[in-house]
Amino acid sequence: MIEPRRSSWWEADALPPRPQPCDLPTRADVLIVGAGFMGRWLAYHLGSVARRMRVVVVERDRFAYGASSRNAGFLTCGQVSEMLADVRSDGMEAVVQTFEQRLRGIELVRDEFPGLEIDASGSTDWDPLTEPKRELARALNEVAGTEIYSVRRARMGERERDAMFNAADGALDPVAVLRCLEARTDARMAFGVRATRVSAGLARVETSDGPREIGYDRAFLCTNAFTADLCPDSKVVPGRGQIVVTSPVRTSTDRTLGYLQEGYNYFRFVGDRLLIGGGRHIYADRENGTTDLTPTPNVRSYLTGVAACVLGHSDFEVEHHWAGVMGFRGGRHLGGSPRRRVDASTEVVAGFGGMGVALTPVVAREIAEEFA
Ligand SMILES: Cc1cc2nc3c(=O)[nH]c(=O)nc-3n(C[C@H](O)[C@H](O)[C@H](O)COP(=O)(O)OP(=O)(O)OC[C@H]3O[C@@H](n4cnc5c(N)ncnc54)[C@H](O)[C@@H]3O)c2cc1C
């Protein structure tokens, strides 16, 4: 039996109807597989640098079904607790490089879509403040040339304390971004079309009318967690993330974006509800390595407990719960490139982990500029 498609909060009223059989071109200058953030940003930027190119995007879902329409919508350059852990594992240079890229990504999203609603409330890192975190914050402010990080009094439930605040972060509706990108590209977007083999200038795809072939000059596999289906040695490893949204709540907790436990848990408010995600570190054995988009009761109950701590009470219901899948580059968490050559005309661009909202527009623009 085929698993039913499960909608996220952002998709609830917004999904397009089931795709109709489509006339697919038999040739593309650029073929993009996957219509998540990466595929759509790439189609969008290619449209502005190389207008006459025939760009075709194939997406197996009716919209996008991996991470981009199912995430938390944090447009973020990072919080110090996670970044300090990253300094220890990947080194300061990789952390600064990613921080700068994410800052560029925030700017790019704002510049390209000035009408897009972004909640510029900033973010609060709720983990204990330590001297190494303060030092890292000072160093990152110096890199940015402005005071992004500062220590502020912050309130969670009835408790108040000092916490590290990030003034650059904002929150958006990821589906609104995906829609803006689709509306502003001339690329041929074909939904309900699954690529089964993409190599050496020829793609085989499955459509509701049966199999088709598309010849291409260049192809980009923007298939994230599912990349191994097309390219087994891509080294992109899947990992599931789950999110719940509560019933309307009352609380004194600050309405900034919030990070807990080195960013493994995170929350924001959507209207008068709390959206909270995480738990991957607690249920690592089940959440890592899977592309199954079925949410699980253990993570739901864990997130319900974390939500009660954030709100300072348990007077709420969980009304929405869904899962998305990320792609992680095997090996180092940061640094290096998400691009990997498969052959002379085919490339993987995947593995943004939990940072794709800000990183994908930057990487897409870099690739598009090579076509200018
Ligand atoms: C729960 C959760 C919360 C997150 N929160 C945040 C956040 O707040 N901020 C942030 O920056 N990042 C966040 N992320 C990460 C972010 O969502 C991803 O980094 C980003 O969406 C990756 O975009 P993508 O286009 O590479 O992948 P995806 O969005 O996964 O797109 C891949 C697409 O490829 C399609 N596809 C796969 N195989 C095929 C095939 N064979 N043929 C055709 N189509 C195919 C899939 O259907 C899918 O639509 C979160 C992720 C999750 C799961």
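Residues numbered from 1 in each chain as written. Predicted model: local features only at pLDDT ≥ 70, side-chain atom pairs only at ≥ 80, totals over all residues. Heavy atoms only, no water.

**Q** Summarise the overall build of the protein; cite the residues concerned and give the values.
**A** Looking only at helices and strands, one finds nine helices and 18 strands in the protein. Looking at the protein as a whole, 56% of its 372 residues are labelled buried. Partitioning the contacts of the protein with sequence separation of at least 6, the portion at a separation of at least 24 is 77%. (Helix = DSSP H or I, 4+ residues; strand = E, 2+ residues; numbered from the N terminus. Buried < 20%, exposed > 50% of the residue type's maximum accessible area, 1.4 Å probe, protein only. Contact = heavy atoms within 4.5 Å.)

**Q** Can you explain helix α5 (residues 174-183)? Please cite residues and give values.
**A** Since there are 3.6 residues in each turn of an α-helix, residues three or four apart along the chain are aligned in direction. Three or more residues of α5 are buried, namely Pro174, Val175, Val177, Leu178 and Leu181. Here the buried residues of α5 occupy an arc of 155° about the axis, which is enough to place them on one side. Summarising the contacts, the buried residues of α5 are in contact with α1 (37-49). Sitting at the head of α5, Asp173 places a side-chain oxygen 2.9 Å from the backbone nitrogen of Val175. (Arc of directions from axis to C-beta. Polar contact = N/O pair within 3.5 Å; in protein donor to acceptor, adjacent residues only side chain to side chain.)

**Q** Account for the pairing of strand β11 (residues 210-221), with residues named and values stated.
**A** Across a regular strand the side chains alternate sides, sitting on one face of the sheet and then on the other. Where strand β1 (residues 27-33) and β11 come together, six bridges link them in parallel fashion. Across the sheet, Arg27 pairs through a bridge with Gly215, a residue of β11. Bridge count for strand β10 (residues 202-207) against β11 is six bridges, and the pairing is antiparallel. In the strand pairing of β11, Leu202 is matched with Gly215. The turn linking β10 back onto β11 is made up of two residues. Relative to strand β18 (residues 346-349), β11 runs parallel, the two being bridged by three bridges. Looking across to β18, one finds that Ala219 is bridged to Thr346. (Pairing = 2+ DSSP bridges.)

**Q** Outline the sheet that holds strand β14 (residues 265-270), listing residues and values.
**A** As a general point, the strands of a sheet are linked pairwise by backbone hydrogen bonds and lie either parallel or antiparallel. Across the sheet, eight strands lie side by side as β5-β6-β4-β13-β14-β15-β12-β16; this open sheet has mixed pairing. Strands with a single pairing partner mark the edges of an open sheet, and in this sheet they are β5 (149-156) and β16 (318-329). With strand direction ignored, the average angle separating the axes of adjacent strands in the sheet is 30°. Summarising the sheet, β5 and strand β6 (residues 159-166) pair through eight bridges and their orientation is antiparallel. If you follow Met156 over to β6, its bridge partner there is Arg159. (Axes fitted to C-alpha atoms, helices over the stretch in contact; angles between N-to-C directions.)

**Q** Could you give an account of the pattern of salt bridges, with specific residues and numbers?
**A** Scanning all chains against the criterion turns up 22 salt bridges. Salt-bridge contacts for Arg153 lead to Glu160; the nearest nitrogen and oxygen are separated by 3.5 Å. The class of Glu160 is partly exposed, set by a relative accessible area of 42%. Two residues, Arg212 and Asp209, come together in a salt bridge whose shortest N-O distance is 3.9 Å. Overall, the relative accessible area of 34% leaves Arg212 in the partly exposed class. (Salt bridge = Lys/Arg side-chain N within 4 Å of Asp/Glu carboxyl O.)

**Q** Report on unusual backbone geometry, specifying residues and quantitative values.
**A** Positive phi, normally seen in glycine, also occurs at Ala200, with a value near 50°. By relative accessible area, which is 62% here, Ala200 ends up exposed. Of note, Asn224 is a non-glycine position whose phi angle comes to about 45°, a positive value.

**Q** Would you mind going over the packing of aromatic side chains in detail, with residue names and values included?
**A** On inspection of all chains with the given rule, the structure shows eight aromatic pairs. Ring centres of Phe99 and Tyr149 lie 6.2 Å apart, and the angle between their planes is 35°; on these two criteria the pair is classed as tilted. Of this pair, Phe99 sits in helix α3 (residues 92-112) while Tyr149 sits in strand β5; the two residues are 50 residues apart in sequence, bridging distant segments of the chain. Taken individually, Phe99 and Tyr149 each receive the classification buried, so the pair is uniform in this respect. (Phe/Tyr/Trp six-rings, centres within 6.5 Å; stacked < 30°, edge-to-face > 60°.)

**Q** So what's going on with the domain arrangement of the protein? Residues and values would help.
**A** Looking at the assigned domains, one finds that the protein contains domain 1 (27-70 + 175-236 + 338-369) and domain 2 (120-164 + 237-329). Once you take the C-alpha centre of each, domain 1 and domain 2 turn out to be 29 Å apart. Counting residues at the interface gives 15 residues for domain 1, matched by 13 residues for domain 2. Regarding the contact of domain 1 and domain 2, the summed buried area is about 1,200 Å², with carbon and sulfur atoms giving 57% of it. Broken down residue by residue, the surface that domain 1 buries against domain 2 is led by Arg70, Ala225 and Val236, which jointly contribute 40%. The interface formed by domain 1 and domain 2 holds zero salt bridges in total. Counting every contact that joins domain 1 to domain 2 gives seven residue pairs in polar contact (both at pLDDT 80 or more). Looking at the side of domain 1 that touches domain 2 residue by residue, the classes come out as eight nonpolar, five polar and two charged. (Domains from an automatic or database assignment. Buried area = accessible area lost by both parts, 1.4 Å probe. Nonpolar A, V, L, I, M, F, W, Y, C, P; charged D, E, K, R; others polar.)

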